[in-house]
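Examination of the molecular architecture
Below, each chain spelled out in residue letters.
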Amino acid sequence: MSADRNRAGLARWHAYMEHPSVEGLHALLADDAVFHSPVVHTPQAGRDKVFAYLWAAAHVFGNGTFRYLREFVDDSGAVLEFAAEFEGITVNGIDMIAWNDEGLITDFKVMVRPLKAVNLLHQMMGAQLSRVRS
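Residues numbered from 1 in each chain as written. Predicted model: local features only at pLDDT ≥ 70, side-chain atom pairs only at ≥ 80, totals over all residues. Heavy atoms only, no water.

Before going further, it helps to examine the pairing of strand E5 (residues 89–99). In the case of a regular strand, side chains alternate between the two sheet surfaces. Within E5, eight of the eleven residues are buried, which leaves it mostly tucked inside the rest of the structure. Direction of pairing for strand E4 (residues 77–86) relative to E5: antiparallel, over a ladder of nine bridges. Paired with Ala84 across the two strands is Val91, which belongs to E5. As defined by bridge partners, E5 adjoins strand E6 (residues 105–113) across eight bridges and the pair is classed as antiparallel. In the strand pairing of E6, Asp95 is matched with Val110. Here E5 folds back onto E6, and the loop between the two strands holds five residues, one of which, Gly103, carries a positive phi near 80°. (Buried < 20%, exposed > 50% of the residue type's maximum accessible area, 1.4 Å probe, protein only. Helix = DSSP H or I, 4+ residues; strand = E, 2+ residues; numbered from the N terminus. Pairing = 2+ DSSP bridges.)

With that out of the way, let us pick up the environment of Pro43. Positionally, Pro43 belongs in the loop between strand E1 (29–36) and strand E2 (44–45). Each C-alpha atom of the pair Pro43 and Leu120 lies 20 Å from the other, and the pair is 77 residues apart in sequence. With residues near it in sequence (within four places) discarded, Pro43 still touches Val34, Phe35 and His36. (Contact = heavy atoms within 4.5 Å.)

In this model, the chain carries an average pLDDT of 90, and 97% of its residues clear a pLDDT of 70 or more. Within the chain, the element-level pLDDT minimum falls on helix H4 (residues 115–133), averaging 77, and the maximum on E1, averaging 98. (pLDDT = per-residue confidence, 0-100.)

Attention shifts here to the side chain of Glu81. Among the secondary structure elements, Glu81 is positioned in strand E4. Among the residues examined, Glu81 registers a relative accessible area of 15% and is labelled buried. A distance of 2.7 Å separates a polar atom in the side chain of Glu81 from a polar atom in the side chain of Arg70. In terms of polar contacts, Glu81 uses its side chain to reach the side chain of Asn92, at 3.2 Å. Among all residues touching Glu81, those that are not within four sequence positions of it are Arg67, Tyr68, Leu69, Arg70, Asn92, Gly93 and Ile94. (Polar contact = N/O pair within 3.5 Å; in protein donor to acceptor, adjacent residues only side chain to side chain.)

Written out as structure tokens, the structure is:
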């Protein structure tokens, strides 16, 4: 694994975050990508499932308050700390991302705090996922 490869993958992720698009997100994901949700017990495996979660998150977090605060990159991937606000609740969390040799995301794990934020995001993501899947 290479920190340089991960930095390149991270640059593509940031470019996508500045201009989210269906095509842009699909282009970032490996076929065997896995998503780890802060509220779903089992990992969600496969490009289509990961896409659904990340696309829903783009809509939920797209309220203008989302920002990355810090990031750490090494040979195994990247950890990005973020903050956002919903209904007066400050959400704090991390995205943990790993890439394959082709620079595609293979693993995406989200952790969120505090509990009030987890509960609110659970509701908001559930509603958005219902729309994405419809």
